[in-house]
Structures are given as C-alpha cells and as structure tokens.
Amino acid sequence: MTVLLFDDPAIRPKLLPFTFTRPVAALRCGILTVAEKWEHRLAQPVHYLTEQYLQAKYPAGPVGGPALVINGAVCPDELLAKQVQALQPGEALMDGDLLVAAHLTDAANVAELIQDGFANTREVAEPVLALREVWHLFLHNGAEIRRDFALLTHGRQSQPIGDAHTIVYAPENIFIEEGVKIRAAILNAEDGPIYLGKNSQVHEGAIIKGPLALCEGSHINVGAKMRGDNTVGPFSKVGGEVGNSILLGYSNKGHDGYLGNSVIGEWCNLGADTNTSNLKNNYAPVKIWSHSAGRFVNTGQQFCGLMMGDHSKCGINTMFNTGTVVGVGANIFGAGFPRTFIPSFSWGGSAGFETFKMPKVAEVAERVMARRHLEYDATEQALMQHVFDQTAKDRIWEKAVSKDAPAPAAE
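Summary of the structure given here. All values derive from a computational prediction rather than experimental measurement. (Residues numbered from 1 in each chain as written. Predicted model: local features only at pLDDT ≥ 70, side-chain atom pairs only at ≥ 80, totals over all residues. Heavy atoms only, no water.)

So, the overall build of the protein
Argument step 1. Along its length, the protein carries 8 helices and 37 strands.
Argument step 2. Against the compact-globule benchmark of 22 Å for 411 residues, the protein has a radius of gyration of 22 Å, which places it among compact chains.
Argument step 3. The C-alpha extent of the protein, read off along each of the three principal axes, is 70 × 60 × 45 Å.
Argument step 4. Looking at the protein as a whole, 55% of its 411 residues are labelled buried.
Argument step 5. For the protein, contacts bridging at least 24 residues in sequence account for 46% of all contacts bridging at least 6.
Argument step 6. When the accessible surface of the protein is split by element, carbon and sulfur atoms take 51% of a total near 17700 Å².
Argument step 7. Measuring between centres, the 35 positive side-chain charges of the protein sit 6 Å from its 43 negative side-chain charges. (Helix = DSSP H or I, 4+ residues; strand = E, 2+ residues; numbered from the N terminus. Rg over C-alpha atoms; globule rule 2.2 N^0.38 Å. Buried < 20%, exposed > 50% of the residue type's maximum accessible area, 1.4 Å probe, protein only. Contact = heavy atoms within 4.5 Å. Areas by Shrake-Rupley, 256 points an atom, 1.4 Å probe, with all protein chains shown as cover. Lys, Arg positive; Asp, Glu negative; His and termini not counted. Charge placed at Lys NZ, Arg CZ, Asp CG, Glu CD.)

And the structure:
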C-alpha cells in the first residue's frame, strides 16, 4: 500500500520559509525528518503529496490504488503508528479538528478527499505532536531527539569511542555509528542522549551536552560549545556556541558566535562571529514575521532566535535581532542589525536591500553545492525560480523601483 505524506493546507504556510523549498514532512526535528520517522515506524517507503512545483524533487509515487495518507506535520510514536496501520478502508484518524491519517481505497482523488473530509472517523488515543509553527521545530527538538534515539538504537550496539583523551558522562546514553572520529572532547549525556551519525567528527576541545544529534558526515569544530537540544543535519559544520537549534543539513556555522533557539535551512552559511539574539531585553514574548499572516505574530515564547531559509548566507560579524526571519536565497552583510524580516532573494543589510538576481543566485548555488559533490541541476533551478517569483511581493523595494521607472516610449 502506498504511503503519502500530505502538506496540510492550514499548516504548510505557517512553516514558511522552510516549506518554500520542501514538503512539510521533509523538515527535520530530532535526528530524523518527519518522513524518515514514518519510514522507520511503518517499515516501508513513503512519498510526498505537496505543491506541484516541488513534486519533481519530492515525487508522489504511484497514483491510484489503496493508500495511507498521513499529515506530514505529525511526528509519530509507536502507538500512533499502530493506530494508523489499523485504519480500515474509508476510515480517518482525527485529533480534534486535525486530520492525522486516512485509509483510502483509491488515492486517485486524494486531494479532494482530504479537503471534503471523511464520514467514518476515529479519535487518536493520545494527542499528537504536530509541527504547526516554525518555532515548534526547535521547541520540540529535544523531545524528538530522545524519541528518535530510542527508535534508531533499539537492539543495536554502539561503536566504541576509542579516544583516551575524550571525557564521557553517562556513556549508556551515547550511540556512535560507524566511521565516527572523536578527539579530546567532552561528551555529557546525563541530561539527554547523544547520537553521532555515520562518518561524523567531533574535533578537539568540543564540549557536547545532550540531547544532541550529529547527522551523517557532519563536524563539530574545535572548541565548540553545544549546550543541548541541538541537531546538526547531514554534511554540516558547526562551531562556536549553539543552544536548542537545528541545522537542517548541508549548512555551515563554522566559527565563533552564538546561535540559540534557531532553525537554519540547507545550503546556508553563517560568517565568522555571527550572533543571534534569542531573548528580548525586557524578557517579553518574541514576535516574528509570518508569511501566511503577512505580519508579525506573537510566538508566545520568551526565547526565539533566527529562522533562515535555504541558500541564505550572512557575512562576518552579522548581528541578528531576536526573532529574525530570513527567506530563501538571501545574502546579508554589513554593520548594524538588519531588519527582523528579510525577504527571499535580498542583497544587503541594515543600510538597505536590493534584489539578489537569479543569475547571481545560481552562480553561488553551483559553487556551494559542488563542494558537497552535488549539482545545481534543472530541478533545483526551476524550484528556486518558482520561489523567486512567488516571493516578489515581499521585496517592497522592487515595487518602488517599478513605480519610479519612466513609462516605456510609444512605438
């Protein structure tokens, strides 16, 4: 039976800018993405039901026939996975007004069925964890690391640390995959597990406090201070001080500087000594820009740092204020604090912005992805072009230029 993870239309817009470039279920919270969590729980491949422009990169798989459709924002546990598997044809699983999953006899018209609702429903045994807002990613990251750690390590034997100069606390809560290299570090898993993925490296003098997930091929640099509830996605590099943050993958924060209560997309780079504020001076709840609401919204959180979309970069000594949202493909530099909402494909900083044109975006993306032996191919280019066009309304300076431009000469 086909398993389809669908983008809930009420949730996906609230997870922008990250869902500009991926389905909801491709978001990482904990060690795994939501899709990977379901694959492990259901022991079968999953497919995505997402925006049309994303389907070339995230295909829907077989169309038609019986299917389990699952809300891509919902993080499963063992109980929920069993409830989903027990659904009968034509039956849906609900958590109040939230459609969690449904068993369809024919997935050919799945979008219409999801929109119209189901006559035959049952309630979940326990409330589910749904990632409904961008700050939910870091807010639930520690708990999801614990849950993913138990899922991935059950019945398996960790590789030994093998370094006489590394200090370890609570070694029973540490799991090391094959190819990991550790040198003269401190690993403290007393307050939560530490997972070191395949071929990852922990360099000299790094201090790691669990919960922490270091995914495949990633590095924690010399002298880094990882304060807990952190996920470093695949093929990334992290240095400096990091607390309760997620790098989704293929991104670098290689140098000193503080990153707290933040989510960084793929193919991002934070210049040396970049710092994020995650707490207001008056300790008030943080407001951040909502792409779906078109305004700043109250997170209800006292701690909230930086939300940065894919392919965005910032120069050395960049200072991000509390609750800053950066879109896709932005390039930020210069002195002072930039604005707390930086639209996609912005070029500039506190002195002002202009548009980062697509040919220049492509040049940077080609160079950056080649460093990981990946190609900025036609699929990636079309995706980025769609996001560029979709986010034009946010680049308000383009409207001003268009208004001031002289009218075309009559023919």
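Some points on the layout of surface pockets
Argument step 1. Approximately 370 Å³ is the volume attributed to the second largest pocket.
Argument step 2. Arg 28, Lys 57, Tyr 58, Tyr 250 and Glu 266 are, among the 20 residues lining the second largest pocket, the residues nearest its centre.
Argument step 3. Those elements that provide at least two residues to the lining of the second largest pocket are helix H1 (34–42) and strand E22 (246–249).
Argument step 4. Here the lining of the second largest pocket is composed, by residue class, of 11 nonpolar, 2 polar and 7 charged.
Argument step 5. In this structure, the lining of the second largest pocket is formed jointly by two domains, domain 1 (2–123) and domain 2 (135–344), each of which donates at least three residues. (1 Å grid on protein atoms, 1.4 Å probe; cavity = no way out; pocket = protein on both sides within 12 Å on 5 of 7 lines; lining within 4 Å. Points joined across faces, edges and corners; volume = space filled by probe spheres on them. Nonpolar A, V, L, I, M, F, W, Y, C, P; charged D, E, K, R; others polar. Domains from an automatic or database assignment.)

Section: the pattern of salt bridges
Pairing between side chains of opposite charge can happen when their charged atoms approach one another.
Argument step 1. All chains considered together, the criterion is met by 17 salt bridges.
Argument step 2. In this structure, Glu 91 engages Arg 122 in a salt bridge whose closest nitrogen and oxygen atoms are separated by 3.2 Å. Of this pair, Glu 91 sits in strand E5 (residues 91–95) while Arg 122 sits in strand E7 (residues 120–123), and the two are 31 residues apart along the sequence.
Argument step 3. Here the salt bridges do not stand alone but share partners, grouping Lys 37, Asp 77, Glu 144, Arg 147 and Asp 148 into one network. (Salt bridge = Lys/Arg side-chain N within 4 Å of Asp/Glu carboxyl O.)

Description of empty space enclosed by the protein
Argument step 1. If you walk through the whole model with that rule in mind, you get 3 cavities of 30 Å³ or more.
Argument step 2. Here the largest cavity is characterised by a volume of approximately 70 Å³.
Argument step 3. Along the wall of the largest cavity there are 14 residues; nearest its centre are Lys 14, Leu 16, Val 134, Trp 289 and Ser 290.
Argument step 4. Put simply, the parts of the chain that give the lining of the largest cavity at least two residues each are helix H4 (134–139) and strand E28 (287–290).
Argument step 5. In terms of residue count, E28 provides more of the lining of the largest cavity than any other element does, 3 residues in total.
Argument step 6. Residue composition of the lining of the largest cavity, by class: 10 nonpolar, 2 polar and 2 charged.
Argument step 7. Counting contributing residues, the lining of the largest cavity receives three or more from each of domain 1 (2–123) and domain 2 (135–344).
Argument step 8. For the second largest cavity, the calculated volume is near 60 Å³.
Argument step 9. Ranked by the residues each element gives to the lining of the second largest cavity, the list is headed by helix H7 (residues 378–390), at 3 residues.

Some points on the sheet that holds E5
Argument step 1. Read from one edge to the other, the open sheet built from 6 strands follows the order E2-E1-E3-E6-E5-E7, with strand pairing classed as mixed. With partners counted over all chains shown, the strands left at the sheet margins are strand E2 (47–49) and E7, one partner each. Between one strand and the next, the sheet's axes are offset by a mean angle of 25 degrees, whatever the strand orientation.
Argument step 2. Pairing geometry for E5 and E7, over 4 bridges, is parallel. Following the sheet pairing, Met 94 is matched in E7 by Glu 123.
Argument step 3. Against the sheet, helix H2 (residues 78–85) contacts strand E3 (67–71), E5, strand E6 (98–104) and E7, and its axis sits at roughly 150 degrees relative to E5. (Pairing = 2+ DSSP bridges. Axes fitted to C-alpha atoms, helices over the stretch in contact; angles between N-to-C directions.)

Here's the deal with H7
Argument step 1. Between its first and last C-alpha, H7 extends 18 Å over 13 residues, near the 18 Å set by a 1.5 Å rise per residue.
Argument step 2. Of all the positions in H7, only Glu 380, Leu 383, Met 384, Val 387 and Phe 388 are classed as buried. Projected onto a plane normal to the axis of H7, the buried residues spread over an arc of 140 degrees and lie on a single side.
Argument step 3. Sitting at the head of H7, Asp 377 places a side-chain oxygen 3.2 Å from the backbone nitrogen of Thr 379. (Expected span 1.5 Å × (residues − 1). Arc of directions from axis to C-beta. Polar contact = N/O pair within 3.5 Å; in protein donor to acceptor, adjacent residues only side chain to side chain.)

Topic: the pairing of E6
Argument step 1. The element E6 is largely enclosed, with a buried count of 7 among its 7 residues.
Argument step 2. Sheet analysis places E3 next to E6, joined by 4 bridges and oriented antiparallel. Residue pairing in the sheet places Ile 70 in a bridge with Ala 101 of E6.
Argument step 3. Looking at chain direction, E5 and E6 are connected through 4 bridges and run antiparallel. Residue pairing across strands places Leu 93 opposite Ala 101, the latter belonging to E6.
Argument step 4. Here E5 hands over to E6 after 2 residues, with Gly 96 in that stretch at a positive phi of 65 degrees.

Some remarks on the packing of H1 against H2
Argument step 1. Packing of H1 against H2 brings their axes to within 10 Å, and their N-to-C directions diverge by 70 degrees. Here H1 lies roughly perpendicular to H2, going by the angle between them. Seen from H1, the contacting residues are Trp 38, Arg 41 and Leu 42; seen from H2, they are Glu 78, Leu 80, Ala 81, Val 84 and Gln 85. (Parallel < 35°, antiparallel > 145°, perpendicular 65-115°, else oblique.)

Re the environment of Lys 198
Argument step 1. Looking at where Lys 198 falls in the secondary structure, it is placed in the loop between strand E13 (194–196) and strand E14 (201–202).
Argument step 2. Separated by 17 residues in sequence, Lys 198 and Lys 181 have C-alpha atoms that sit 9.6 Å apart.
Argument step 3. Ignoring sequence-local partners within four residues, the contact set of Lys 198 consists of Glu 177, Glu 178, Glu 216 and Gly 217.

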